[in-house]
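Survey of secondary and tertiary structure
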Amino acid sequence: MVAIKKIDIKIKDLKNSVLFYRVTIIIVFILHFLYFAAFNRYHLAYQEQIQLFRLSRDYFVEFLSKPGGIAEYAGLFLIQFYLNSFVGALIITLIGFITFLLFRQIFKKLNITGILWQLIPVFMIAVLQSDYVYYTGYTIGFLLAVAFFLFYISLHNKYIRFISASAGVVLLYIIAGEFAILTAILIILYELLHLKAKEAIIFVFLFIFICALAHYLLFRFLWLLPRNYVWIKPVLIFGKATTKYGLLILLVYLPLMMAVSGIWVNLLNKPLLKINSVWGILTINLLIIIFFSFLLIKYVYDYRTELLLGIDNKIQKSEWDKALLFSSRAPGNNQIVIFLTNIALYNAGRLGNEMFHYNQIGTAGLFLGWGNETSPFFGNELFYQLGYINEAYRWAFEAMVASGPSPRILKKLSLTSIINGDYEIAEKYLHKLEQTIFYRKWARYYLKCINDSELLNADSEIRKKRHFLVHSDFFANVNNYEFVLIRLLENHPDNRMAFEYLMSYFLLKKDLESLAANIYRIKETGIKEIPVHYEEALLVYMAITKANIVPEGYTIRETTRKMFDDYITAFSTYTGNPDKLQQYLYRRFGKTYLFYLQFGY
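Residues numbered from 1 in each chain as written. Predicted model: local features only at pLDDT ≥ 70, side-chain atom pairs only at ≥ 80, totals over all residues. Heavy atoms only, no water.

1. Describing the overall build of the chain
- In terms of helices and strands, the chain carries 31 helices and 0 strands.
- Buried residues in the chain amount to 50% of all 601 residues.
- Expressed as a percentage of contacts within the chain between residues at least 6 apart in sequence, the contacts between residues at least 24 apart total 69%.
- About 29,800 Å² of surface is accessible on the chain, with carbon and sulfur atoms providing 62% of the total. (Helix = DSSP H or I, 4+ residues; strand = E, 2+ residues; numbered from the N terminus. Buried < 20%, exposed > 50% of the residue type's maximum accessible area, 1.4 Å probe, protein only. Contact = heavy atoms within 4.5 Å. Areas by Shrake-Rupley, 256 points an atom, 1.4 Å probe, with all protein chains shown as cover.)

Below, the structure is given as structure tokens:
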């Protein structure tokens, strides 16, 4: 009876341990999905925006011209579905689950027990996928390498294993590229641990010779790639430190575990980290979940970049107020964040009244320079909205040259070409978009518009932008946007955005004289009341010059006059204590132009 009870207890403990194991896995992957769906949704959406997957033969053939092209192609195929961030999160979670299943089966065969070891590669891939410069194609290449190794160690005959390894690694190199090197290392390590010394040396020598010969022949006769081709690109990937080290850890993890496990089992003759206590298993599972979650949120999650990409995402969807909600939470003085915020402020009708409710860094927050390759990608949007179509086309084209074609850039190139009447050029871009899944309908609509003048003239977007096409020639000047904005207004005095950006330029430059000289332009724009920040600047200018420059038909609000008087009074009160003065004025007037004029950039 005692023996039966002990057996029953063991069976019950076994069932409980299996239950805890399954519950842990379910919780881990639910959290995995929520992490990407809630915290990295705009990272995923941005990845879709910076690459273009096309369903065409010539596009596929491009990927056959280099090692690992097929894995890269498969990754880009999946990325196009990141257009919906929840679908993207689901795809990444499924990839994580496949990773878990592969490592679970490999560790079973290697006699490595414990859920911790199986989840570490899942965690590392989650770390990598948190960086938008890391593409899913790299993960696919890695998983193909691991899957082939699992197939390899499932073969029991050593001769069949050798033949399979020799042919398989060559094929794997074609499909997954440099990740085949990982498989080769794993195979060599496995045989060194399991074959007799003499057999292992012969196997390793022959296997390395075949791999080297295959590599030479593939590069010499199949791909014809240059000698300096970087065929270990993912290992040399640029990006954050967590991405670089995360990929390195992922690549060395399985070989290291094999080596440690092999030594551990041979010396101690027992599995690595085996826990028999049910409560011990439960405790370990909870600690794993808490530990991994903490590391991801604390050290991997890029909150600032997610906010920036969130602002950009909402602007692309014309959700201006939502974009500004993100902006209000953005810390620091990131130039692109401020640039996008000002675009959202204008379109929400709040630029002249609330510009200084948000961080500003001078005129650099209105326009992006050519500082890096991302500037044209984001910067072309402003020129397009200003109606400066030729410059929008130039910046969009530069973005394509710098980073390759993408849906967003091809749409902009198509629209600007149509607006300018360059239909043949527009057709080239539209035909590329027509080969996609999610932009096909949009492309076919504008292809139809090109051949139907009535339909084209009825399109509100095209009609609006054509209204502001410039008619006089002038050179684009990225060093003097005042000149550009004035030329736009000379062509179209009713270009409200050009006017508001010109006034904002003077405000940020603290050039009150130029602002006063150009305030008359407000009449042509349809603005009924002088925006608050303009009023504040005019009050300062009129207090200095004693001249009344308020345009005819406009008045300055009494609330603005009172605030101006209160500011002067407060300033006079703390003149003897500069630090205390600034702190006090910021609390009361931090969102006014008066405070920016005195303490801003």
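Structure's up, so let's keep going.
2. Regarding the packing of aromatic side chains
- Scanning the model with the defined rule gives 46 aromatic pairs in all.
- Residues Tyr-46 and Phe-377 carry aromatic rings whose centres are separated by 5.8 Å and whose planes lie at 85° to one another, so their mutual orientation is edge-to-face. Placement of the pair is Tyr-46 in helix H2 (residues 41-49) and Phe-377 in helix H17 (residues 374-386), with a sequence separation of 331 residues. Side by side, Tyr-46 and Phe-377 carry an identical accessibility label, which is buried.
- Aromatic pair Phe-103 and Phe-107: ring centres 5.7 Å apart, planes at 70°, arrangement edge-to-face. One end of the pair is Phe-103 and the other is Phe-107, both in helix H5 (residues 85-109) and 4 residues apart, which spans about a single turn. The pair formed by Phe-103 and Phe-107 is uniform in burial state, with each residue classed as buried.
- The rings of Phe-53, Tyr-59, Phe-60, Phe-63, Tyr-73, Phe-77, Phe-81 and Phe-438 are connected pair by pair, giving a single aromatic cluster.
- In this arrangement the basic side chain of Arg-329 is found over the ring face of Phe-326, its NZ or CZ atom lying 5.1 Å from the centre. (Phe/Tyr/Trp six-rings, centres within 6.5 Å; stacked < 30°, edge-to-face > 60°. Lys NZ or Arg CZ within 6 Å of the ring centre and 35° of its normal.)

3. Some details on the pattern of salt bridges
- The full count for this structure, using the stated rule, is 19 salt bridges.
- A salt bridge links Glu-62 to Arg-54; its shortest N-O distance comes to 3.8 Å.
- According to the relative accessible area criterion, Glu-62 is partly exposed, its value standing at 44%.
- With a relative accessible area of 6%, Arg-54 lands in the buried category. (Salt bridge = Lys/Arg side-chain N within 4 Å of Asp/Glu carboxyl O.)

4. Here we look at the side chain of Lys-412
- Among the secondary structure elements, Lys-412 is positioned in helix H19 (residues 407-419).
- Here Lys-412 is in contact with Asn-380, Glu-381, Tyr-384 and Ala-396, once residues within four sequence places are set aside.

5. Things to note about helix H24 (residues 481-491)
- Judged by how many residues are buried, H24 sits mostly within the fold: 9 of 11 residues are covered.
- By the burial criterion, the buried members of H24 are Tyr-481, Glu-482, Val-484, Leu-485, Ile-486, Arg-487, Leu-488, Leu-489 and Asn-491.
- Of the surrounding elements, those touching the buried residues of H24 are H17, helix H18 (389-403), helix H25 (496-509) and helix H26 (512-518).

6. Observations regarding the packing of helix H8 (residues 158-176) against helix H9 (residues 179-194)
- It is the contact of H8 with H9, at a shortest axis distance of 8 Å, that shows an interaxial angle of 160°. What the angle tells us is that H8 and H9 run roughly antiparallel. For H8 against H9, the interelement crossing comes out right-handed. Between H8, through Arg-161, Ala-165, Val-169, Leu-172, Tyr-173 and Ala-176, and H9, the contact on the second element is made entirely by Phe-179, Ala-180, Thr-183, Ile-187, Tyr-190 and Glu-191. (Axes fitted to C-alpha atoms, helices over the stretch in contact; angles between N-to-C directions. Parallel < 35°, antiparallel > 145°, perpendicular 65-115°, else oblique. Left-handed = near helix turned anticlockwise from the far one by under 90°.)

7. So, the confidence of the model for the chain
- Mean pLDDT over the chain stands at 87; residues scoring 70 or higher make up 89%.
- Here residues 1-14 is a poorly scored stretch, pLDDT under 50, and it has 1 contact once near neighbours within four places are set aside; other chains count. (pLDDT = per-residue confidence, 0-100.)

8. Some thoughts on helix H7 (residues 136-153)
- Here H7 contains 18 residues, and its C-alpha end-to-end distance of 26 Å stays within 8% of the 26 Å for a straight helix at 1.5 Å per residue.
- Burial runs high along H7: 15 of the 18 residues are buried. (Expected span 1.5 Å × (residues − 1).)

9. Describing the environment of Ala-323
- In this fold, Ala-323 is placed in helix H14 (residues 320-327).
- For Ala-323, a relative accessible area of 0% translates into the label buried.
- With 15 residues separating them in the primary sequence, Ala-323 and Leu-308 have C-alpha atoms 9.4 Å apart.
- Setting aside residues no more than four positions away along its own chain, Ala-323 makes contact with Ile-311, Lys-314, Ile-315 and Ala-344.

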